[in-house]
Amino acid sequence: MIIVVKNHPYRYDMVNLGTIFFPYEKIKIHEKDTNETDDIFVLTEFIGNQILVDAKVYDKHKKDCVTFDETTDTQMALTVLFYNIMSEILGIKYPWGTLYGVRPARLMHRITDESGEEKAKKVFRNKYLVSEEKINLTDNVMHHENKIIKLSSANSFSLYVSIPFCPSRCSYCSFVSHSIENTYKLIEPYVDLLIKELEETGRYAKELGLKLETIYFGGGTPTTLSAKDLTRIFKAIESNFDLSNLREYTVEAGRPDTVTKEKFDALKNAGVSRISINPQTFNDNVLKVIGRHHTSAQTLDAFNLARKCGFDNINMDFIAGLPQDNLESFKNSINKAVDLGAESVTIHTLALKSAAYMATKETAFEVSDKIVTSNMVRYSAKKLTENGYYPYYMYRQSKSVGNLENVGWCKDGLDCLYNVFMMDETHTIFSVGAGAVIKLKDQKTGKIERIYNYKYPYEYVDGFDEIIKRKNRIKTFYEEYSL
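For the structure given in this document, a descriptive report is provided here. Fair warning: this is a prediction, and the values are worked out from it, not measured in the lab. (Residues numbered from 1 in each chain as written. Predicted model: local features only at pLDDT ≥ 70, side-chain atom pairs only at ≥ 80, totals over all residues. Heavy atoms only, no water.)

### Quick look at the overall build of the chain
Heads up, the condition is: Helix numbers and strand numbers start at the N terminus; a helix is a DSSP run of H or I with at least 4 residues, a strand a run of E with at least 2. Throughout, radius of gyration means the C-alpha value; the globule benchmark is 2.2 Å times the number of residues raised to the power 0.38. Three exposure classes are used, based on accessible area relative to the maximum for each residue type with a 1.4 Å probe and protein chains only: buried under 20%, partly exposed in between, and exposed over 50%. Should any heavy atoms of two residues lie within 4.5 Å, those residues are considered in contact.
Scanning the chain for helices and strands turns up 16 helices and 18 strands. Over its C-alpha atoms the chain spans a radius of gyration of 24 Å, differing by no more than 12% from the 23 Å that the globule rule assigns to 483 residues. Expressed along its principal axes, the backbone C-alpha trace of the chain runs to roughly 65 × 55 × 45 Å. Within the chain, the proportion of its 483 residues that are buried is 57%. Long-range contacts, defined as pairs at least 24 residues apart, comprise 73% of the intrachain contacts of the chain with a sequence gap of at least 6.

This is the structure:
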């Protein structure tokens, strides 16, 4: 895809709008006329007091312009014109309109604080062309998030522990995650160093007088580790952090083929209060296609075992738009989660990795997968709402099917606090392990500074000394901002 950006500064917006319509195309930007051609070509240009968009997608073509003056929001005028032209060519209007941000509820919160809730809804409706369905969803999430955000104080922080190992790698996965059979030899040194990193991180937390609100184990699949290794990590946390103010302790037991009674007992003994058991689907054929080497029956067994072990706050993840899934199959998956009584259900929309496929003349105008996925998401919202769940957090990813969203739903009072704190960037997040990113937050200015760990387990092990050195920035950051 080629986009020509002439006589205006909105290059970034044009790339993001292009990605909405063609999420897997490589986008080339030219800032002047070019002889290079492509089957998907869009000219955006400011000429005098006119904004021009001229778009061609294979054999379909549309051109239009609008006039502006000194009162016109030219950025909005251009994005709306671009969006409307591409929508007409491709025969689809996306429910999020021109909005491409990761955190819609945070944007609505900011506008609400500045101008009131009705003005915020109006901006979403008229400036970003968001549908009423998604405006109401965003507003609902904002109100539930705000209740959680208020729990955090100036010296609060959360702890994220990365366990980047899985029994096998799912075909859709974009996380730092490695098959256990390929990285088994790394586990012991990884856990040893993770404990050392926890010791160092806990020292900073104590020196700075910070208050730990939530702990979250993610990955990967944390329960890929043995009960012995999990217990070692739990004890390191207990020894190096003050847990007296802890509100929530979550461990993802996402793959049902990784859990045992011994592991659940280890979690329970450590004080873990919330777990995830993630089917993604209850369709065994779809599970095979996406590379999850377990069955729906194993998911049910894992869920029932967790209940027997005393867990009363269980989340289940599902993905709308998985290969070879269909609406009836997806409905069955959501219905089963509701019947099981899962305390929270997270609905993700499939987001494929870059270059998964490129547009062709046939696929460019194909909207059936987007419509089916949208109907899946809509059904989940209806079913969960009818059964006492509400949406408590939300985020969006680029390159998702139908440009849709990911939403966490929960029963009353069972919101995942960490998810909200993390998504809102409410307070500092201390993260440990491969691929972990520390987020330091100045509560006075809202400034966020990040400290990165090495991404892969082998890099983490080889470069551990450098990781420890980088943590010196924690103390100097807090000293600089007098927190």
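After presenting the structure, the write-up continues.
### Comments concerning the pairing of strand S5 (residues 60-67)
Applied cut-off: The pairing criterion for strands is at least two bridges between them, as found by DSSP.
Here strand S4 (residues 50-57) pairs with S5 via eight bridges, running antiparallel. Residue pairing in the sheet places Val 53 in a bridge with Asp 64 of S5. The antiparallel hairpin formed by S4 and S5 contains two residues in its connecting segment, where Tyr 58 sits at a positive phi of about 55°.

### Quick look at the side chain of His 427
The condition that has to hold: What qualifies as a polar contact is a pair of N or O atoms within 3.5 Å, subject to a donor-acceptor requirement within protein and to the restriction that residues adjacent in sequence count only when both atoms come from side chains.
Among the structural elements, His 427 can be located in the loop between helix H13 (417-424) and strand S16 (428-432). A distance of 2.8 Å separates a polar atom in the side chain of His 427 from a polar atom in the side chain of Ser 152. A polar side-chain atom of His 427 sits 2.8 Å from a polar atom in the side chain of Ser 158. If we ignore the near neighbours within four places in the chain, the residues touching His 427 are Ser 152, Ser 156, Phe 157, Ser 158, Glu 213, Phe 421, Lys 439, Lys 441 and Gln 443.

### Considerations on the packing of helix H3 (residues 104-115) against helix H4 (residues 117-127)
Convention followed: All axes here are fitted lines through C-alpha atoms, helices being fitted over the stretch that makes contact, and every angle between N-to-C directions spans 0 to 180 degrees. Each angle is binned into one of four classes, with values under 35 degrees roughly parallel, values over 145 roughly antiparallel, values of 65 to 115 roughly perpendicular, and all other values oblique. Whether a crossing is left-handed or right-handed is set by the direction in which the near helix is turned from the far one by less than a right angle, anticlockwise for left-handed and clockwise for right-handed.
Here H3 crosses H4 at 130°, and the two axes come no closer than 7 Å. The angle between H3 and H4 places the two elements in the oblique class. Handedness of the H3/H4 crossing: right-handed. Between H3, through Pro 104, Leu 107, Met 108, Ile 111, Thr 112 and Ser 115, and H4, the contact on the second element is made entirely by Glu 117, Lys 119, Ala 120, Lys 121, Val 123 and Phe 124.

### As for the packing of helix H7 (residues 227-240) against helix H8 (residues 261-270)
Put simply, the rule reads: Residues are grouped as follows: nonpolar covers Ala, Val, Leu, Ile, Met, Phe, Trp, Tyr, Cys and Pro; charged covers Asp, Glu, Lys and Arg; every other residue, Gly included, is treated as polar.
The geometry of H7 relative to H8 is characterised by a closest axis approach of 9 Å and an angle of 10° between their N-to-C directions. Judged on the interaxial angle alone, H8 and H7 are roughly parallel. Mapping the contact onto sequence places Ala 227, Leu 230, Thr 231 and Phe 234 in H7 and Glu 262, Lys 263, Ala 266, Leu 267 and Ala 270 in H8. Looking at side-chain class alone, the contact of H7 with H8 contains six nonpolar, one polar and two charged residues.

### Structural notes on the packing of aromatic side chains
Formally: Any two rings among Phe, Tyr and Trp, with Trp reduced to its six-membered ring, count as a pair given centres within 6.5 Å; such a pair is stacked if its planes are under 30 degrees apart, edge-to-face if over 60, and tilted if neither. In this analysis the charged atom, NZ for Lys or CZ for Arg, is taken to sit over a ring once it is within 6 Å of the ring centre and within 35 degrees of the ring normal.
Per the stated rule, a full pass over the model turns up 24 aromatic pairs. Between Tyr 12 and Tyr 100, the aromatic rings sit 6.0 Å apart at their centres with planes inclined by 75°, giving edge-to-face as the arrangement. One end of the pair, Tyr 12, is in helix H1 (residues 11-21); the other, Tyr 100, is in the loop between helix H2 (74-90) and H3, and 88 residues separate them in sequence. With a relative accessible area of 57%, Tyr 12 lands in the exposed category. With 5.2 Å between their ring centres and 35° between their planes, Tyr 392 and Tyr 393 make a pair best called tilted. Looking at Tyr 393, the relative accessible area reads 6%, which means it is buried. Counting every residue linked through ring pairs, the aromatic cluster contains Phe 165, Tyr 190, Tyr 460 and Phe 464. Here Arg 203 stacks its cationic end above the ring of Tyr 204, 4.6 Å away from the centre of that ring. Residue placement shows Arg 470 over the ring face of Tyr 454; its charged tip is 4.7 Å from the ring centre.

### Observations regarding the sheet that holds strand S1 (residues 2-6)
The strands making up a sheet associate through backbone hydrogen bonding, with each pair oriented either parallel or antiparallel. With mixed pairing, five strands are arranged side by side in an open sheet as S2-S1-S3-S4-S5. Looking at strand neighbours, the two that pair on one side only are strand S2 (28-30) and S5, the edges of this open sheet. The sheet shows a mean angle of 10° between the axes of neighbouring strands, taken without regard to direction. Strand contacts of H1: S1, S2 and strand S3 (40-47), with the helix running at about 155° to S1, the strand carrying the most contacts. This element, H2, spans S1, S3, S4 and S5 of the sheet and lies at about 25° to S4.

### A few points about the side chain of Thr 349
Topologically, Thr 349 is positioned in strand S13 (residues 344-349). By relative accessible area, Thr 349 is classed as buried at 3%. Those residues within four positions of Thr 349 in sequence are excluded, and the remaining contacts are Ile 319, Ala 320, Thr 373, Val 377, Gln 397, Ser 400, Val 401, Leu 404, Glu 405 and Asn 406.

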